[in-house]
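Survey of secondary and tertiary structure
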Amino acid sequence: MIRFMIMATCVLAPVLGQETYQRTLLVELRHVPAAMREAHGVAAGSGTYSFGSYDPERILSVVGDTVLMLATPAELGKATLEGLEATVVMESADKLMLIKRALYGPTLMLDEIYHSYDRIVRRAEELAKVHPRLITRRMIGETTQCKRPIYAYRLSNDATKAQARPAVLFDGCHHSNELMGAEIVLALMEKLVTGYGQDAAVTAWMDTLEIWLVPVVNVDGHDMVTSGRDPRWRKNLRDVNSDGVTGVYPEGVDVNRGYDFNWAMGGTGDPDKVSYRGPYPFSEAENRAMRHLAATRQFLLSVSYHSQGEVIFYPWVWNDLPAPDDSVIKRIAADVAAHIPTMDATGSYTIAPGGPSSQSYPWLYGRHGTIDLIIETGKGAQFFPPAEVPGIIAANLKGVETLLKHTAGPGLAVQVTDAATGMPLVAQVWLPQIENETVDRRTTDAQFGRMWRLLEPGRHQVIVSCKGYSTVALRAVEVGGKGWTPLEVRLKLSSSTP
Ligand SMILES: [Zn+2]
């Protein structure tokens, strides 16, 4: 055991490649006091959630008061860390090897508590075999590089057909090294299918909602991590420089920067950076798969799981202005956050407004009216030691339970039909006192002419319009304090249609 002190002024030579790589030691520091973790830049710098402010060439994880870091023999030898227990876990000139040892553990392979994509798909198949009415699978796309199928799962008390109900989406692993997303979504799948008819809350959800799950969005990247090849892999596997070689870190596109809402404001245009947004909006098949899903099913609420920070990002703050539905969004985000305990059990998750960028939440909210939350699960690493996994899943299932309570309103349950034929219509449902030009107009769905819109109780002005029909303007629709207020609108063909 060596005692030494963190040198705050530690000079970090830029790491340009394997040849210049100097930190040959993987060092574990234990019982690092919180003040030192923060003040000396060992832990997140400015924000409670900011893992980006770690120097990833140096700090690999900070879970609890244990820090895993890369160090040079000189840094260790100078004995510049004081009052800390430090152990050299591994010595190697191969940086990836040290990172594997830090993040995968002694076997250098991912612990079995984490599921490969194949195992997730197989488990879903087993569940569907036993409960064919409760879960059905749809391929929503194929991955950019390896053409692996990207699956979405529909769950309800009769998932063999679309239901005229509010729909909710949970997805994981836009960022493939943020493994908790896939694990939480898989655990939710298991809970919903096996709990139906057994657990009263689960049964009620399945009877009144359509729940969609996409356990892994970035399937190729997830395979890089779960197969033991590279625990750092965040982006997809696109061969950005077209040299025919893939899997060389950090190549790829950040699929959580690839949506078309303010695309140019998201991430970076630099392909070597971990937040590379790609050459143009929806350049990546993973994003197109999600676009396809969102086009075929409107979601009232959704969650994109990420790691880390124990924070929920919600849409949005834009030029110092909140999102049009801010009061509803913030109320839901805060309620969900308050019900997810932190890993250290001292509190609960916090909330923070995200920017209007090319990530999933501004896109789903701005384009589709879905209140999408990014939930940053766990703290101090992108994925966690096996012992921490069940706790993080259980904590986040409490968040799911809280989120789903909000599918009961208050708000408007709109149905728009053709007055003469009773056929459902895709109509714009515009609330001019709430919406502004930052968001696309919300519409009823094609199949049922339905739309559910969460609102604050009170009077709302509602304008319903559809091409070829006379517009209906309702000056004061009273939305009750509890449950869904039904609003049926029958549109008549416009007599002035040329
Ligand atoms: Zn992420």
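Residues numbered from 1 in each chain as written. Predicted model: local features only at pLDDT ≥ 70, side-chain atom pairs only at ≥ 80, totals over all residues.

A closer look at the overall build of the protein
In plain terms, the rule: Only DSSP runs of H or I reaching four residues or more are called helices, and only runs of E reaching two or more are called strands; each is numbered from the N terminus. Radius of gyration here uses only the C-alpha atoms, and the compact-globule reference equals 2.2 Å multiplied by the residue count raised to the power 0.38. Residue burial is a threshold on neighbouring C-beta atoms within 10 Å of the residue's own C-beta, all placed from the backbone, with 20 or more meaning buried, 12 or fewer meaning exposed, and counts in between meaning partly exposed. Distance between backbone-placed C-beta atoms decides contact: two residues are in contact if it is within 7 Å.
When you go through the protein residue by residue, the secondary structure sums to eleven helices and 20 strands. In terms of overall dimensions, the protein is globule-like: its C-alpha atoms have a radius of gyration of 24 Å, near the 23 Å expected for 498 residues. Each of the three principal axes of the protein carries a C-alpha extent, and together these read 85 × 50 × 50 Å. Within the protein, the proportion of its 498 residues that are buried is 46%. Contacts in the protein between residues at least 24 apart in sequence constitute 71% of all its contacts with a sequence separation of at least 6.

A closer look at the domain arrangement of the protein
Counted only if it meets this: An automatic or database domain assignment supplies the start and end points of every domain. Residue classes follow a fixed rule: Ala, Val, Leu, Ile, Met, Phe, Trp, Tyr, Cys and Pro count as nonpolar, while Asp, Glu, Lys and Arg count as charged, and any other residue, Gly among them, counts as polar.
Annotation of the protein at the domain level lists domain 1 (25-104), domain 2 (117-407) and domain 3 (411-491). When each unit is reduced to the centre of its C-alpha atoms, the spacing between domain 2 and domain 3 is 28 Å. Each side of the interface is counted separately: domain 2 has 15 residues, and domain 3 has 16 residues. Looking at the side of domain 2 that touches domain 3 residue by residue, the class counts come to eight nonpolar, five polar and two charged.

Let's talk about the packing of helix α4 (residues 117-130) against helix α5 (residues 180-195)
Quick reminder of the rule: Simply put, an axis is a line fit to the C-alpha atoms, just over the touching stretch for a helix, and the angle between two N-to-C directions goes from 0 to 180 degrees. Orientation labels follow simple angle bins: below 35 degrees gives roughly parallel, above 145 gives roughly antiparallel, 65 to 115 gives roughly perpendicular, and whatever is left gives oblique.
Taken N-terminus to C-terminus, the directions of α4 and α5 make an angle of 10 degrees; their axes are 11 Å apart at the nearest point. Taken together, α4 and α5 sit at an angle that is classed as roughly parallel. Residues Ile120, Arg123, Ala124 and Leu127 of α4 form the contact with α5, whose participating residues are Ala182, Leu186, Met189 and Val193. Considering only residue class, the contact of α4 with α5 consists of seven nonpolar, no polar and one charged.

Here we look at the pairing of strand β7 (residues 167-172)
The cut-off we apply is this: Strand pairing requires that DSSP identify at least two bridges connecting the strands.
Of all six residues that make up β7, six are buried, and the element is covered over most of its length. Side-chain alternation along β7 places Ala167, Leu169 and Asp171 on one buried face and Val168, Phe170 and Gly172 on a second face that is also buried. The pairing of β7 with strand β8 (residues 210-214) spans five bridges and is classified as parallel. Opposite aspartate 171, over in β8, you have valine 214 as the bridge partner. Bridge count between β7 and strand β9 (residues 301-306): five bridges; the pairing is parallel. By the bridge assignment for β9, leucine 169 is matched with serine 302.

Some details on the sheet that holds strand β19 (residues 472-479)
Backbone hydrogen bonds hold the strands of a sheet together, and the pairing may be parallel or antiparallel. Across the sheet, which stays open at both edges, the three strands sit in the order β16-β18-β19 with antiparallel pairing between neighbours. On the outer flanks of this sheet lie β16 (428-430) and β19, each paired with one strand and no other. Taking the axes of each pair of neighbouring strands and ignoring which way they run, one obtains an average angle of 30 degrees across the sheet. Across three bridges, the pairing between β16 and strand β18 (residues 458-465) is antiparallel. Within β18, the position partnered with glutamine 428 by the bridge is serine 465.

Considerations on α4
Inclusion rule: Here, expected helix span is obtained from the residue count minus one, scaled by 1.5 Å. Note that the arc is defined by the directions from the helix axis to the C-beta atoms.
Look at α4: 20 Å from first C-alpha to last across 14 residues, which is about the 20 Å you get at 1.5 Å a residue. Within α4 the residues assigned to the buried category are Tyr117, Ile120 and Ala124. The buried residues of α4 all sit within an arc of 60 degrees when viewed along its axis, so they share a single face. Away from the buried face of α4 by more than 90 degrees, exposed residues Asp118, Arg122, Glu125, Glu126, Lys129 and Val130 are located.

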